[in-house]
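Summary of the model geometry
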Amino acid sequence: MACPTPVAWQTDAAICRGQSQVGAVIPGQSPAAHAQQFRSDLLPPEVCSLLNPAAIYANNEISLRDVEVYGFDYDYTLAQYADALHPEIFSAARDILIDHYKYPEGIRKYDYNPSFAIRGLHYDIQKSLLMKIDAFHYVQLGTAYRGLQPVPDEEVIDLYGGTQHIPLYQMSGFYGKGPSIKQFMDIFSLPEMALLSCVVDHFLGHGLEFDQAHLYKDVTDAIRDVHVKGLMYQWIERDMEKYILRGDETFAVLSRLVAHGKQLFLITNSPFSFVDKGMRHMVGPDWRQLFDVVIVQADKPSFFTDRRKPFRKLDEKGSLHWDRITRLEKGKIYRQGNLFDFLRLTEWRGPRVLYFGDHLYSDLADLMLRHGWRTGAIIPELEREIRIINTEQYMHSLTWQQALTGLLERMQTYQDAESQQVLAAWMKERQELRYITKALFNAQFGSIFRTFHNPTYFSRRLVRFSDLYMASLSCLLNYRVDFTFYPRRTPLQHEAPLWMDQLCTGCMKTPFLGDMAHIR
């Protein structure tokens, strides 16, 4: 195809200005009204109501007809927790730092800010830098923070040797922990990131010298103490109505699967007494009759890789038995163990097993890559992000960005002064729109799924380690138990978007609650 001629340049620029084809100028119309009309003309009808927050999204084709065994994590999978839990964790860990680790009393003035951090961020320990990284290991400029203050883009680039790129050897390892950079992957890490940023902010603001590695370890240990000492368990047990969400829907999911002849199991790192109270609240006193195997304090992810830890049976009071485990019985409770003995005793192998969890590394990675199980990721943030994507503001902003990007790509061959001036104006507007779109999700870090246009590192792991992903387990209620999930065929860069599900931005592949209510 020949390069655009000057006539084509004028045509494309006119389209951008709304002078031909789309959004033609109406006599007497103000520039602002015309710009709004042009943006509206770019949007397909009903485009803002296409995505359903309660849908299940597929990375890989999977038929539930082939799934015979369903497995579940407990925290943030069977039990969804309210955000009110995060300030409790933050405050308790902050006080532990001050009272037990002897950190400055001034840190107590900080309160939890729920809108500061998002899941999936990376923290460079030696640089005290919290940042968002894309699927290609590039830091998204404008999303690097030291303490509570943004770090200028120029400084970020200088810190990494004149580039935004983080080399592979410095990045997070298989479980999100690199030699000097950690990725925060679970929902419990939100108060940890907030506290880490507040402590760094205090030290920097008061000119106090500190060792970055010591500070990071102390904050991490304080957060761990909240869990190890059982503080979080106590808060939830005292007020389950406040902290546990969608319990009735969890009961509906489990009952429905059992009614259709599916076998169920639970593998969690939480202790039995805590799980038992929560399941009694959500399901009832006979909850264990729904599960063929229940394993607590499993110590994931080492449960999936370490063959040395045997299963031990627990009685109703939580006391350990000493007898050797030769079979896993329904209604009984088991502690620790390992996946290899689990597979040997149950013979539940391969793609007929579907396991759900919220942590991409600790719950899903080994099961998919090493053992061939099908996996489902629970991503509570998905519901909010889809509601934002469905807004007219987001759709107009994104569509205009794409239009500008297309014009920039086509018009960059024109080197005359007027053309360069127009291109510079378009680039400036495109960059402004990017920051506006980012702020719709989170003012500091944007969406957990995308940088400006690339997928985030979190998204890359999500696609790699999960066949399905959804906002909550209750999304299963919107589908038949023999439903087949088909991922949309996303065109590669050299392919044309010729498929209906691409042209319609997912309208052919995304179910709606209203249309599927009869399946419940």
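Residues numbered from 1 in each chain as written. Predicted model: local features only at pLDDT ≥ 70, side-chain atom pairs only at ≥ 80, totals over all residues. Heavy atoms only, no water.

Take the UniProt feature "active site" (unreviewed entry) in the chain next. Look at the UniProt record and you will see "active site" (unreviewed entry) annotated at Asp 73 and Asp 75. By relative accessible area, Asp 73 is classed as buried at 6%. Apart from the residues lying within four places of it in its own chain, the contact partners of Asp 73 are Leu 78, Leu 266, Ile 267, Thr 268, Lys 300, Tyr 355, Phe 356, Gly 357, Asp 358 and Asp 363. Structurally, Asp 75 can be placed in the loop between strand E3 (69-72) and strand E4 (80-81). Residue classification places Asp 75 among the buried residues on the basis of a relative accessible area of 11%. Ignoring any residue separated from it by four or fewer positions in sequence, one finds Asp 75 in contact with Tyr 81, Phe 188, Thr 268, Ser 270, Phe 274 and Asp 358. (UniProt positions renumbered as here; feature names shortened; annotations may be inferred. Buried < 20%, exposed > 50% of the residue type's maximum accessible area, 1.4 Å probe, protein only. Contact = heavy atoms within 4.5 Å. Helix = DSSP H or I, 4+ residues; strand = E, 2+ residues; numbered from the N terminus.)

Moving on: helix H14 (residues 392-411). For H14, built from 20 residues, the straight-helix expectation of 28 Å at 1.5 Å per residue is met to within 8% by its first-to-last C-alpha distance of 28 Å. Here H14 has its buried residues at Tyr 394, Met 395, His 396, Ser 397, Thr 399, Trp 400, Gln 401, Leu 404, Leu 407, Leu 408 and Met 411. (Expected span 1.5 Å × (residues − 1).)

A separate point is the packing of helix H5 (residues 189-205) against helix H6 (residues 212-228). Relative to each other, H5 and H6 sit at 140°, their axes nearing to 10 Å. In terms of axis orientation, H5 runs oblique to H6. The chirality of how H5 crosses H6 is right-handed. Counted together, Pro 191, Glu 192, Leu 195, Leu 196, Val 199, Val 200 and Phe 203 of H5 and Leu 215, Tyr 216, Val 219, Thr 220 and Ile 223 of H6 form the full contact between these two elements. (Axes fitted to C-alpha atoms, helices over the stretch in contact; angles between N-to-C directions. Parallel < 35°, antiparallel > 145°, perpendicular 65-115°, else oblique. Left-handed = near helix turned anticlockwise from the far one by under 90°.)

With that out of the way, let us pick up helix H12 (residues 360-371). The element H12 is extensively covered by neighbouring structure, given that 10 of its 12 residues are classed as buried. Burial in H12 covers these residues: Leu 360, Tyr 361, Ser 362, Asp 363, Leu 364, Ala 365, Asp 366, Leu 367, Met 368 and His 371. Residues of H12 that are buried make contact with strand E9 (181-183), helix H11 (339-346), strand E15 (353-357), strand E16 (374-378) and helix H16 (457-465). Downstream of H12 by a residue or two, Gly 372 has a phi angle that is positive, lying close to 75°.

Scanning all chains against the criterion turns up 30 salt bridges. Across the salt bridge formed by Arg 352 and Glu 68, the nearest N and O atoms sit 2.7 Å from each other. Residue Arg 352 is found in the loop between H11 and E15, and its partner Glu 68 is found in the loop between strand E2 (62-63) and E3; the two are separated by 284 residues along the sequence. Using a relative accessible area of 25% as the deciding quantity, one classes Arg 352 as partly exposed. Here Arg 108 and Glu 105 are joined by a salt bridge, their closest N and O atoms 2.6 Å apart. (Salt bridge = Lys/Arg side-chain N within 4 Å of Asp/Glu carboxyl O.)

Here we take up the pairing of strand E11 (residues 263-267). For E11, a buried count of four out of five residues is recorded, marking the element as mostly surrounded by other parts of the structure. When E3 meets E11, the two strands line up parallel, connected through four bridges. If you follow Phe 72 over to E11, its bridge partner there is Leu 266. When E11 meets strand E12 (residues 293-296), the two strands line up parallel, connected through three bridges. What sits directly across from Leu 266, in E12, is Val 294. Handedness of the E11-helix H10 (residues 272-282)-E12 crossover: right-handed. (Pairing = 2+ DSSP bridges. Right-handed = clockwise from strand over helix to strand, strands pointing away.)

Before going further, it helps to examine the side chain of Asp 75. Although Asp 75 is buried, it forms no salt bridge, and the closest oppositely charged side chain is Lys 300 at an N-O distance of 7.9 Å. A distance of 2.5 Å separates polar atoms of two side chains, one belonging to Asp 75 and the other to Tyr 81. (Lys, Arg positive; Asp, Glu negative; His and termini not counted. Polar contact = N/O pair within 3.5 Å; in protein donor to acceptor, adjacent residues only side chain to side chain.)

What follows concerns the sheet that holds strand E17 (residues 468-470). Sheet architecture is open: nine strands sit in the order E1-E17-E16-E15-E3-E11-E12-E14-E13, paired in mixed fashion. Each of the sheet's edge strands pairs with one partner strand only, and the pair in question is strand E1 (57-58) and strand E13 (311-314). Pairing between E12 and strand E14 (residues 333-336): three bridges, direction parallel. Across the sheet, the residue bridging to Val 296 is Arg 335, located in E14.

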